[in-house]
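# Breakdown of the fold
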Amino acid sequence: MQQRHIYLEDTYHFTVLTKVVDAGSSELGNWLTLQDNIFHPQGGGQPSDVGTVDEAPVRPFKAPASEEHVVRLSCDRPFAVGDEVTSAVDPEARRLHAALHTCGHVVDGFVRELGFRHRVSNHFPGQARIEFDAGQDKPDLQQLAATVEERTQQAIEADRKVYACDRGDLRIIGIDGLHEDPCGGTHVGSLGQLTGFSLRSVKVKGGVLKVGYVVEHA
Ligand SMILES: [Zn+2]
């Protein structure tokens, strides 16, 4: 089936009237698939959205591999194929996740500019951090933190644009003048929508440079 993923088109599209196109149950409970999907499932270091279908709480998850690119919703109550429903994503969680994720790209870009290789990203609230190979030399962490914090702050003040485009099968996310990366997450439209940014920790452990940060949606 071809499911429309609204969350990839517009971070701020919070509700949609749509149809149940598949439904079932497993040992984990009931699930349903909607024609138009506004929920980001957990992946790429970003937590899953939360929200409702006809006011019943739901949680998105990726469908089995046989249904590539399909997002299902788990739910306490059952739905039937053909039901017309209103689906809504929690706007506060969506905004916060988009801010944390976008800021992660920026921090990642500026640390990479200093010559470190990216390992993994975590954009979860309260624990957001990007990890890099620390390299052979012991980096001057105070200097690194000051540089990355200053450049990120300047990029936010300059309100740099965040854009998405498709290259072949890949969805590319770019930040004006910084870098592009394949990414399936949700992002703000421009960096001026970020507020309260700071680095919360910069440390090296076991050859891994960990750069933790905080940010909110303006
Ligand atoms: Zn991203």
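Residues numbered from 1 in each chain as written. Predicted model: local features only at pLDDT ≥ 70, side-chain atom pairs only at ≥ 80, totals over all residues. Heavy atoms only, no water.

## Concerning the domain arrangement of the chain
Put simply, the rule reads: Domain start and stop positions are those given by an automatic or database domain assignment. By definition, residues are in contact when any of their heavy atoms lie within 4.5 Å. Joining two parts hides part of their accessible area as seen by a 1.4 Å probe, and the buried area is that hidden amount summed over both. We count a salt bridge whenever a side-chain nitrogen from Lys or Arg sits within 4 Å of a carboxyl oxygen from Asp or Glu. N or O atoms within 3.5 Å of each other form a polar contact, as long as, within protein, one can give a hydrogen and the other can take it, and as long as residues adjacent in sequence are counted only when both atoms are side-chain atoms. Nonpolar residues are Ala, Val, Leu, Ile, Met, Phe, Trp, Tyr, Cys and Pro. Charged residues are Asp, Glu, Lys and Arg, and all others, Gly as well, are polar.
For the chain, the assigned domains are domain 1 (4-89) and domain 2 (93-217). Distance from the C-alpha centre of domain 1 to the C-alpha centre of domain 2: 28 Å. Contact residues are listed per partner, giving 19 residues for domain 1 and 20 residues for domain 2. Of the roughly 1,400 Å² buried between domain 1 and domain 2 on both sides combined, carbon and sulfur atoms contribute 52%. Taken as a group, Thr11, Tyr12 and Gln46 account for 37% of the area that domain 1 buries against domain 2, more than any other trio of residues on that side. Counting the contacts that link domain 1 with domain 2 gives 1 salt bridge. If you look at where domain 1 meets domain 2, you find 10 residue pairs in polar contact (both at pLDDT 80 or more). Its residues placed into classes, the side of domain 1 that touches domain 2 shows 9 nonpolar, 8 polar and 2 charged.

## Side note on the coordination of the zinc ion
How we decide: Here a donor is any nitrogen, oxygen or sulfur atom (N, O, S) within 2.8 Å of the metal, with 3.2 Å used for Na, K and Ca; water is not among the atoms considered, so some sites may look incomplete. Donor angles set the geometry label: tetrahedral for four donors if every angle is between 85 and 135 degrees, square planar for four and octahedral for six if opposite donors exceed 155 degrees and the others are between 65 and 115, irregular for anything else. Strands here mean DSSP runs of E at least two residues long; helices mean DSSP runs of H or I at least four residues long; both are numbered from the N terminus. Exposure categories follow from relative accessible area, calculated using a 1.4 Å probe and restricted to protein chains: below 20% of the type maximum is buried, above 50% is exposed, and the middle band is partly exposed.
Distances from the zinc ion to its protein donors, His101 (NE2), His105 (NE2), Cys183 (SG) and His187 (NE2), fall at 2.0 to 2.1 Å. The coordination sphere of the zinc ion comprises 4 donor atoms, whose angles at the metal cover 95 to 124°; the geometry is tetrahedral. The sequence pattern formed by the donor residues of the zinc ion is H-x3-H-x77-C-x3-H. Here His101 and its partner His105 are both found in helix α2 (residues 91-113), 4 residues apart, which amounts to about one turn of the helix. Residue His105 is classed as buried on the basis of its relative accessible area of 9%.

## Digging into the nonpolar core
To be explicit about the condition: Put simply, buried Ala, Val, Leu, Ile, Met, Phe, Trp, Tyr and Cys residues joined by side-chain atoms within 4.5 Å make one nonpolar core.
Grouped together as the largest cluster of nonpolar side chains are 32 residues, with contacts concentrated most on Val107 and Tyr213. Listing elements by their share of this core, those giving two or more residues are α2, β10 (129-133), α3 (141-157), β12 (170-175), β14 (194-205) and β15 (208-217). Sort the elements by how many residues they give to this core and α2 lands first, with 8 residues. One finds Ile6, Leu34, Ala56 and Leu73 within the second-largest nonpolar core, a separate group that totals 16 residues.

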